[in-house]
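# Structure at a glance
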Amino acid sequence: MTPNTGLDAVKHFKSTAWTSAERAQVYDRNTNSTSDLTHFLTTEFIGALQQRIAPGSAVLDLGCGTGVLTKALAMLGHDVTGVDISQAMLDQIDTGTGPGRITLRQGNVFALPFADASFDGVITRWVIPHFRDWPGIVREAARVLRPGGTLVIDHTSRANYALAAREAVLDHTAFGYDPRVRGGDANGFYAAATVDELQLAADSAGLELVDVAPLGFFRQNAVFAAVLGAEGHAAYRKAVDAFWQDPGARAFIQWFERHVTRALPLEMANGMAAVMKKRA
Ligand SMILES: C[S@@+](CC[C@H](N)C(=O)[O-])C[C@H]1O[C@@H](n2cnc3c(N)ncnc32)[C@H](O)[C@@H]1O
């Protein structure tokens, strides 16, 4: 049945938008680079989980898509399960990728097909910010985590949008994410969060919020989009890609993202990485 109102309609739209084989192939092509800035940031993001789990852990990748995180975690030797609503996305994943085992399962992140306390670690990238009722995903992740286990999520920073709005008018179309669009406009809808909202979601799921840090100053920043406008922002993105090709500039961007960005206030970048731990 196709729900046609409110959050259920958004959820349905978001969940079915990904199911075509053609879309899955394009998505796989667009995300499989192992040498761009996004890959670097993803590796840093995975590091937040890697440093908190034992070798060979049972790890779940929520909304794994074409398996960027799933495969990277298997390369690190973990026993990884990737779950996604879209079989077409799952079909792109080579399950023989790493020394670690990869298991794939079609399923809904709001109602996971796994028993309580099945995993040592849960991670998710580029899924949470799609759903305004994202705390429901955090609750499900907490349910399937073992006591003491770690959840690592990405989100978008409400404070970054607020700073952008203080500086200039933000062209959300150019920027891509629009947290102002309300349920019903499934196409445009994205979520954002403050630390308080992350804290509330963690508390209500029986998790401790261990860390929240900005992720990706250069990659995606609403302040840049606001002050530069649509054309200027497109040119900015091209410039970052061009600088990335230069080894010296790339080394500087990597150093900045690793050592400076994570210590900045959350308003300074659009992406955030949050680490939560299941209470024993
Ligand atoms: C932007 S992609 C991110 C994929 C992957 N995590 C990555 O980092 O490349 C969003 C993914 O969420 C999946 N998805 C959307 N709604 C879902 C749901 N309700 N349950 C499970 N997966 C869902 C989509 O099929 C898609 O693969």
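Residues numbered from 1 in each chain as written. Predicted model: local features only at pLDDT ≥ 70, side-chain atom pairs only at ≥ 80, totals over all residues. Heavy atoms only, no water.

## Side note on the environment of valine 109
Mapped onto the fold, valine 109 is located in the loop between β3 (102–106) and β4 (119–124). A relative accessible area of 8% means that valine 109 is categorised as buried. Put simply, valine 109 and phenylalanine 224 are 115 residues apart on the chain and 32 Å apart in space, counted from C-alpha to C-alpha. The residues touching valine 109, leaving out its near neighbours within four places in the chain, are Leu62, Gly63, Ile137 and Glu140. (Helix = DSSP H or I, 4+ residues; strand = E, 2+ residues; numbered from the N terminus. Buried < 20%, exposed > 50% of the residue type's maximum accessible area, 1.4 Å probe, protein only. Contact = heavy atoms within 4.5 Å.)

## What about the side chain of lysine 278?
Locating lysine 278 in the fold gives a position in strand β7 (residues 271–278). In this structure, lysine 278 is buried with no salt-bridge partner, the nearest side chain bearing the opposite charge being aspartate 116 at 6.9 Å. Only 2.8 Å separates the side chain of lysine 278 from the backbone oxygen of leucine 145, close enough to count as a polar contact. Residues in contact with lysine 278, not counting those within four places in the same chain, are Ala142, Arg143, Leu145, Arg146, Pro147, Gly148, Gly149, Gly206 and Leu207. (Lys, Arg positive; Asp, Glu negative; His and termini not counted. Salt bridge = Lys/Arg side-chain N within 4 Å of Asp/Glu carboxyl O. Polar contact = N/O pair within 3.5 Å; in protein donor to acceptor, adjacent residues only side chain to side chain.)

## Observations concerning the side chain of threonine 81
By the element assignment, threonine 81 lies in strand β2 (residues 79–84). Once residues lying within four places of it in the same chain are set aside, the contact partners of threonine 81 are Val59, Leu60, Asp61, Thr103, Phe114 and Phe119.

## Some remarks on the site of the ligand
Around the ligand sit 19 residues in total, of which Tyr27, Gly63, Asp84, Val109 and Arg125 are the nearest. Take glycine 63: an N or O atom from its main chain is 2.7 Å from a nitrogen atom of the ligand. Protein contacts shield 98% of the accessible area of the ligand, which totals 590 Å² for the unbound molecule. A class-by-class count of the residues in the shell around the ligand yields nine nonpolar, seven polar and three charged. (Near = heavy atom within 4 Å. Areas by Shrake-Rupley, 256 points an atom, 1.4 Å probe, with all protein chains shown as cover. Nonpolar A, V, L, I, M, F, W, Y, C, P; charged D, E, K, R; others polar.)

## Thoughts on unusual backbone geometry
Although it is not a glycine, alanine 117 adopts a positive phi angle of roughly 55°. For alanine 117, the location among the structural elements is in the loop between β3 and β4. One non-glycine residue, tryptophan 126, lies in the positive phi region at around 65°. Within the secondary structure, tryptophan 126 is located in the loop between β4 and α6 (135–144).

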